Amino acid sequence: MAEMYLTQKLKASVSDLASVTEEYNSEVEDIDESDDSRSVRDKSYGIKPDVEELEMLLEAYFAQINGILQKLTSLSEYVDDTEDYINIMLDDKRNQLLRVSITLNTINMIANAGIVVVGLFGMNIHIDLFDGQPRQFWATTVGTLVGCVLLFLVYVWWGKQRYLLFQ
């Protein structure tokens, strides 16, 4: 902790340099080398600074850093939760689109079945059924339409039953 008082260390080193410079300039040679090095060490490390202020300052910085870390952690969790929520919403919309796509494909298949029936009756082949009365034409047309609607209703019923089983 004492090493963190940089201003006091700087002042001590400046005063040490000034005293060393004065001693060099005055050319005092009475003091031997071991006493001189010991006096410099005593001046720089002999000061016992008050470390309570430094501890309080470090504790305040630690509290601020801890608060910032907590905020960043909660923000990171919030971002992760938001990302998960958005992914869930996207998955739900994707599933809805798939259901609509499957329904439209099924309607297309049923319409194609009706087109096959109409195509069979539209051929230029001589069959006694084709030489019938106009009521036979309407009966075939209505029967084809009713068959297609029944196929679609069976599809919807089967799909609902199957969907309810998976929930």
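Residues numbered from 1 in each chain as written. Predicted model: local features only at pLDDT ≥ 70, side-chain atom pairs only at ≥ 80, totals over all residues. Heavy atoms only, no water.

Helix and strand counts for the protein chain come out as four helices and zero strands. When the helices and strands of the protein chain are placed in sequence order, the string is α-α-α-α. Expressed as a percentage of the 167 residues in the protein chain, the buried residues total 7%. Within the protein chain, contacts between residues separated by at least 24 positions form 79% of all contacts whose residues are at least 6 apart in sequence. Accessible surface computed for the protein chain: about 14,700 Å², of which carbon and sulfur atoms make up 64%. (Helix = DSSP H or I, 4+ residues; strand = E, 2+ residues; numbered from the N terminus. Buried < 20%, exposed > 50% of the residue type's maximum accessible area, 1.4 Å probe, protein only. Contact = heavy atoms within 4.5 Å. Areas by Shrake-Rupley, 256 points an atom, 1.4 Å probe, with all protein chains shown as cover.)

What follows deals with the pattern of salt bridges. For side chains bearing opposite charge, pairing can occur when the charged atoms are close. Counted according to the given criterion, the structure contains one salt bridge. Its salt-bridge partner being R94, residue D91 comes within 2.7 Å of it at the nearest N-O pair. In this pair, D91 and R94 are both assigned in helix α3 (residues 51–121), three residues apart and thus about one turn of the helix distant. The class for D91 is partly exposed, based on a relative accessible area of 37%. (Salt bridge = Lys/Arg side-chain N within 4 Å of Asp/Glu carboxyl O.)

All right, on to the packing of aromatic side chains then. Going through the model one piece at a time under the given rule, you end up with one aromatic pair. Their ring planes at 40 degrees and their centres at 6.1 Å tell us that F152 and Y155 sit as a pair that is tilted. Here the residue F152 and the residue Y155 both occupy positions in helix α4 (residues 134–165), the gap between them amounting to three residues, near one helical turn. Residue classification places F152 among the partly exposed positions, given a relative accessible area of 26%. (Phe/Tyr/Trp six-rings, centres within 6.5 Å; stacked < 30°, edge-to-face > 60°.)

This part takes up α3. Spanning 71 residues, α3 covers 104 Å between terminal C-alpha atoms, matching the ideal 105 Å at 1.5 Å per step. Looking only at α3, the buried set comprises L54, T106, I110 and G114. (Expected span 1.5 Å × (residues − 1).)

With that settled, the discussion passes to a negative patch on the surface. Taken together, E77, D80, D81, E83 and D84 make up a surface patch of like negative charges. Take E77: it is sitting in helix α3. When its relative accessible area of 48% is taken as the criterion, E77 is described as partly exposed. (Patch = residues over 30% accessible without salt bridge, like charges linked within 9 Å, V, L, I, M, F, W, Y side chains within 5 Å. Lys, Arg positive; Asp, Glu negative; His and termini not counted. Charge placed at Lys NZ, Arg CZ, Asp CG, Glu CD.)

What follows concerns the confidence of the model for the protein chain. The predicted coordinates of low-pLDDT regions are not to be read in fine detail. Mean pLDDT over the protein chain works out to 77, with 65% of the residues at or above the 70 mark. Scored below 50 in pLDDT, residues 28–44 makes eight contacts in the model with residues more than four places away or belonging to other chains. (pLDDT = per-residue confidence, 0-100.)

Moving on: the side chain of T144. Among the structural elements, T144 can be located in helix α4. Overall, the relative accessible area of 15% leaves T144 in the buried class. Among the polar contacts listed, one links the side chain of T144 to the backbone oxygen of T140, at a separation of 2.8 Å. Beyond its immediate stretch of four places on either side in the chain, T144 contacts G114 and V117. (Polar contact = N/O pair within 3.5 Å; in protein donor to acceptor, adjacent residues only side chain to side chain.)

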